[in-house]
Every structure is written in C-alpha cells, then in structure tokens.
Amino acid sequence: MADTPKEGKMNRLLDFTQLVDMASESVGGRILFATDDFFAPAENLLKSDSPSFNKHEYTEFGKWMDGWETRRKRIPGHDWCVIKLGIQGIIQGFDVDISHFSGSHAPRMSIQAANVEDSKLLEIPPRGVRTGMAATVDECEAIAKLKSEDWDYLVPMTELKLGSPASSHNYFLVSSQHRWTLVRLNIFPDGGVARFRVYGTGQRDWIATDTTDPVDLVTIAFGGVCVGFSNAHFGHPNNMIGVGRPRSMADGWETARRLDRPPVLENDEKGLLLVPGCEWAVFRLAHPGVITQIEIDTKYFKGNAPDSCKVDGCILTMQEEEDMVKNKWGLQTHKWKVLLPVTKLSPNQSHLLDSLTPELQDVITHARITIFPDGGVGRLRLRGFPSSICLLRPREKPAIRFSVRPSFRANL
C-alpha cells in the first residue's frame, strides 16, 4: 500500500496507489527471469517495505543496494526481467521507484504484459541465489519460449527521473482493462531500480468457481475494493481484504481515537460500550453474491481492537456507487440489509460469525463494516456464493443460528 491516506479521504480508483500491489512478494509475486543480477538481485524489486540505503555496506561484487542493479553493459542489448504477478487481474498503474540509485539508476524503462497459463511456465528454471550472476543459456532458452519481446506495451520507453535520494517514484497510469498474469520490466540499457509496484485489482474466473464451497467475495485478490471510509489514520481499509493472514498491526485498518468518547465509559446491559460515535468502511464485492459467513480478525490489535462491530449489505449499480462516493456515502438507511448485528469483539482474535441473511436469494453488491467506537481490524472475510450460483440453488429458508466462535487460527 501507499502512504497512509489522510483522515476522511475517499478512495477513488484514479488514486491507483491505494490499490493492491499485485507483484509484491507479500501476495506471492516472484521473479521468473532476469538478464543480470550482478550488484543486486531482481527479487528486491518486489519487497513490500520501502528501500533502504547503507553507504558503508559492500559485497564481494560491489556496493550493496536494496533494489535490482545490473552490471555496466559492455555487450549489445539491454537488461530486463519477467515477473509473475501474485494477484492476477487488471493493472491500473505502476510505480518505478529509483530511490537511492543516484548515479546508477536505469535512465529509461518500458513495461510489457501478457496473460499466460501457468502450465507454460513449468520449464523455467528456479532462480536460487543470484547476486553476481547473469542469466544462463538454459534460462534464456526457457524464457525465449514465452516470446516476451512481443507482449503488449502498457508503458512505452520512458525516461526515469530522480527526485530526492530517498524518494524517487515514477508513476504511470494504465488504461487497459485486460487481465494480466505476467509483466516484463525493460531497463535501457542497464542500471538500478529500487522497487517495482504493479497496482490494480484482482480478477477471478468466476465461471470455473467451485459451486460447493463458499468463497471470500470481498478479497482484494478477486477484485474486492474499498470505495469509501470514515477514517484511516493508521491504516487503509483495503488492508483488511488483503491476501493471507495479517502480518502485523500495520497490515490492517486502524482509525484514530475518536474525540467524542465520553470522559467516563459505561456499558449497556449487553456489555456493549455506550458511545455516540463509530467508524465505517464500504467495500464493493469482487462479485455480487450471498454472504453466509463473516470473519472479523483482530489479530495483533491487543490494546486497540474495537469494542464491537456490525456488517450490512446492499445492492448498488455503478452509477449509484459513484453518486454515493460523491456524497460521502450518505446512503438511505433502508437500502442496507443487516448481515451481522452489533457484536462484541475480543482483542487479538479471529471471530467466525454466521451471516443473518434470511434466505439464499439475498444477493448484495456492497458491504459496510461499522466499528464502535474506533480501533483496528486485521482482516475482513465475507464468504458466500456468487450470485450466478446462488440463483440456481433451491429457494429455501435455512434456520441460521447466530453464533460467535474463535477460529483455531487465532492462537497461531
């Protein structure tokens, strides 16, 4: 994710740096091939943290750099690498970061992409330790079968510009709506790049979705996205629908402490805090569907978990969503359906909760989580069935009992 947004700033899709980094090692992105890794391996491009610099650190091959840096080329051609996206889908923009590479950055670059089946990648040799090495003949022959030089250009050859030593981001907006699985980063002719971010939204093949098991309809890996929130002082709500389990408090949504809290706090008869305010975040599901199970994970939020939360859902068209964004989600309350009533939460714990959807035909397109009064949530999972599947299921009204039970993973 990009830098923490300012309080109350709405997440618009044009601000692509608030979307998921589809190439990050944290979501399974990996380097398939690089022409040269002499000073520093291409794997550094995909690190989730910001690049660092130590002017006194050297390796046996030269200056240690926190990025990808090739040797000064003395043969025809230019350097390039191929990246397998951890999240496959629609690319909205790139960040080519050359921070700390003053005097050695790549002067120009271009970016290509392709949609390639995994079965065609099996012959590419594993990379292993790469510092001080160039691509082998076997690696070059294997990658040549992909014909990556013919892939579509998403960014043509463009000059890279240095900013301050510690912050030299080069952003590129992409208008393509195709689904991509691989990206090729070309640098001309050689040099260094600190980080390479590929921002976008996941896209799943819903036709091939298993009809027997519920899937997470809000995950960012499949295309879920936050479209509005009240406060994101310490962490963006998109973090909640990220890949895998949360890694720390920084990998979740956390708000500032509300200033309208009473001086002395009290509980009601159900043990819920009596507070006037709340915080909220709204998500567009990756696919319209029926939510049957909700997971709220407060892992790592030991002293700052919310007291309680609720989840609602509704059906919105894209035009209605756009209108709601403009109006900061001042939506008529009758459009929201309760999926989860106000429920007490515990710190540092994964809560599995049954949805209160009254029948399987209650399809929603958007979901809103509200926390009371403030705090942090590591993950939000909304599991259920895509609408195209749900509408084919028998119309029935199952007796769903509301329950809260800690997941066994909460203790891992």
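Predicted, not measured: the structure shown is a model, and the values here were computed from it. Within every chain, residues take consecutive numbers counted from 1 along the sequence as written. With pLDDT at 70 or above as the cut-off, local features in this predicted model cover only qualifying residues; side-chain atom pairs require 80 or more to be listed or tallied, and sums for whole chains, interfaces and linings still use all residues. Only hydrogens and water are removed before side-chain values are computed, so all heavy atoms of the structure are retained for them.

Student: I tried to follow helix α2 (residues 318–326) on my own but got confused; where do I start?
Tutor: Note on helix geometry: an α-helix contains 3.6 residues per turn, so any two residues three or four positions apart are oriented the same way. Each residue's exposure class comes from its accessible area (1.4 Å probe, protein chains only) as a fraction of the maximum for that residue type: buried when under 20%, exposed when over 50%, partly exposed otherwise. Put simply, DSSP marks the helices as runs of H or I at least four residues long and the strands as runs of E at least two long, and each gets a number from the N terminus on. Within α2, the full set of buried residues consists of Glu321, Met324 and Val325. Summarising the axial view, the buried residues of α2 lie within an arc of 100°, below the 170-degree limit, and thus occupy one face. The exposed residues of α2 that point more than 90 degrees off its buried face are Gln319 and Lys326. Contacts are assigned to residue pairs that have any heavy atoms within 4.5 Å of one another. Here the buried face of α2 lies against β14 (225–229), β16 (279–297) and β20 (364–372). To obtain the arc, one takes the directions from the helix axis to the C-beta atoms.

Student: Is there a simple way to think about helix α1 (residues 137–144) in this case?
Tutor: Listed in full, the buried residues belonging to α1 are Glu139, Ala142 and Ile143. What you see down the axis of α1 is that its buried residues fit within an arc of 95°, all on one side. Set apart from the buried face of α1 by more than 90 degrees, the exposed residues are Val137 and Glu141. As for α1, its buried residues are in contact with β2 (30–34) and β6 (79–97).

Student: Sorry, what's going on with the packing of aromatic side chains here?
Tutor: What describes a pair of aromatic rings is the distance from one ring centre to the other and the angle between the planes of the rings. Each Phe, Tyr or Trp ring (for Trp, its six-membered ring) is paired with any other whose centre lies within 6.5 Å, and the angle between the two planes then decides the class: stacked below 30 degrees, edge-to-face above 60, tilted in between. Counting across every chain of the model gives seven aromatic pairs. Where Phe38 meets Phe39, the ring centres are 5.1 Å apart and the plane angle is 85°; that geometry is what we call edge-to-face. Residues Phe38 and Phe61 carry aromatic rings whose centres are separated by 5.5 Å and whose planes lie at 70° to one another, so their mutual orientation is edge-to-face. Highlighted residues: Phe38 in the loop between β2 and β3 (58–59) and Phe61 in the loop between β3 and β4 (62–63), separated in sequence by 23 residues. Take Phe38: its relative accessible area is 19%, and that puts it in the buried class. By the ring-pair criterion, three or more aromatic residues cluster together here, those being Phe16, Tyr171 and Tyr199. Working rule: Lys NZ or Arg CZ, within 6 Å of ring centre, within 35 degrees of ring normal, means a charge sits over the ring. Cation over ring: Lys63 sits above Tyr58, and NZ or CZ is 5.6 Å from the ring centre. Here Arg204 stacks its cationic end above the ring of Phe222, 4.4 Å away from the centre of that ring.

Student: Would you explain the pairing of β16 in this entry?
Tutor: Sheet faces and side chains relate simply in a regular strand, where the side chains alternate between the two faces. Along β16, 17 of the 19 residues are buried, which leaves the element largely enclosed by surrounding structure. The criterion for strand pairing is that DSSP finds at least two bridges linking the strands in question. Where β14 meets β16, four bridges bridge the pair, whose relative direction is antiparallel. Bridging across to β16, Phe229 finds its partner in Ala281. With seven bridges connecting them, β16 and β20 associate as antiparallel partners.

Student: I keep staring at the environment of Lys47 and nothing clicks. Help me out?
Tutor: For Lys47, the position within the fold is in the loop between β2 and β3. In sequence terms Lys47 and Glu25 are 22 residues apart; their C-alpha atoms lie 5.8 Å from each other. For Lys47, the residues in contact, after removing those within four places along its chain, are Glu25, Asp66, Arg195 and Arg197.

Student: What am I meant to see in the nonpolar core here?
Tutor: Core analysis: the largest hydrophobic core is formed by 66 residues, its most contacted members being Ile91, Phe94, Phe196, Ile294, Ile296 and Ile369. If we ignore the near neighbours within four places in the chain, the residues touching Phe94 are Phe16, Ile111, Leu154, Val155, Asn170, Tyr171, Phe172, Val174, Val183, Phe196, Arg197 and Val198. Among the buried residues, those of types Ala, Val, Leu, Ile, Met, Phe, Trp, Tyr and Cys that are joined through side-chain atoms within 4.5 Å form a nonpolar core. In terms of nonpolar packing, the next biggest core, distinct from the first, is built from 14 residues, Val82, Ile124, Ala135 and Trp151 among them.

Student: Just checking my understanding: could you explain the environment of Asp213 for this structure?
Tutor: Tracing the chain through its elements places Asp213 in the loop between β12 (195–202) and β13 (215–216). For Asp213, a relative accessible area of 46% translates into the label partly exposed. Residues Asp213 and Gly384 lie 171 residues apart in sequence; the distance between their C-alpha atoms is 8.0 Å.

Student: I'm lost on unusual backbone geometry in this one. Help?
Tutor: For residues besides glycine, phi is generally negative; the peptide bonds are generally trans as well. For the bond running from Phe188 to Pro189, omega is -15°, close enough to zero to count as cis. Turning to its location among the elements, Pro189 is positioned in the loop between β10 (180–188) and β11 (192–193). In this model, Phe372 is joined to Pro373 through a cis peptide bond whose omega is -15°. Among the secondary structure elements, Pro373 is positioned in the loop between β20 and β21 (376–377). You will see that Lys147, though not glycine, has its phi angle at about 50°, which is positive. In the Ramachandran plot, Trp329 falls in the positive-phi region, its phi being about 60° despite a non-glycine side chain.

Student: What is the right way to read the pattern of salt bridges from this model?
Tutor: For side chains of opposite charge, pairing can occur when their charged atoms come near one another. Here a salt bridge means any side-chain nitrogen of Lys or Arg lying within 4 Å of a carboxyl oxygen belonging to Asp or Glu. What the rule picks out here adds up to 27 salt bridges. The partner of Lys47 in a salt bridge is Asp66, with the nearest N and O atoms 3.0 Å apart. With Lys47 in the loop between β2 and β3 and Asp66 in the loop between β4 and β5 (68–69), this residue pair connects regions lying 19 residues apart in the sequence. One salt bridge in this structure joins Arg195 and Asp66, with 2.9 Å as the shortest N-O distance. Taken together, the residues Arg195 in strand β12 and Asp66 in the loop between β4 and β5 connect sequence positions 129 residues apart. Across the pair, exposure class does not vary: Arg195 and Asp66 are buried alike.

Student: Any chance you could explain the side chain of Arg368 here in plain terms?
Tutor: Here Arg368 shows up in strand β20. Taking the relative accessible area as the measure of exposure, Arg368 reaches 18% and is therefore buried. When neighbours within four sequence positions are excluded, Arg368 is seen to be in contact with Trp280, Ala281, Val282, Lys310, Val311, Asp312 and Trp336.

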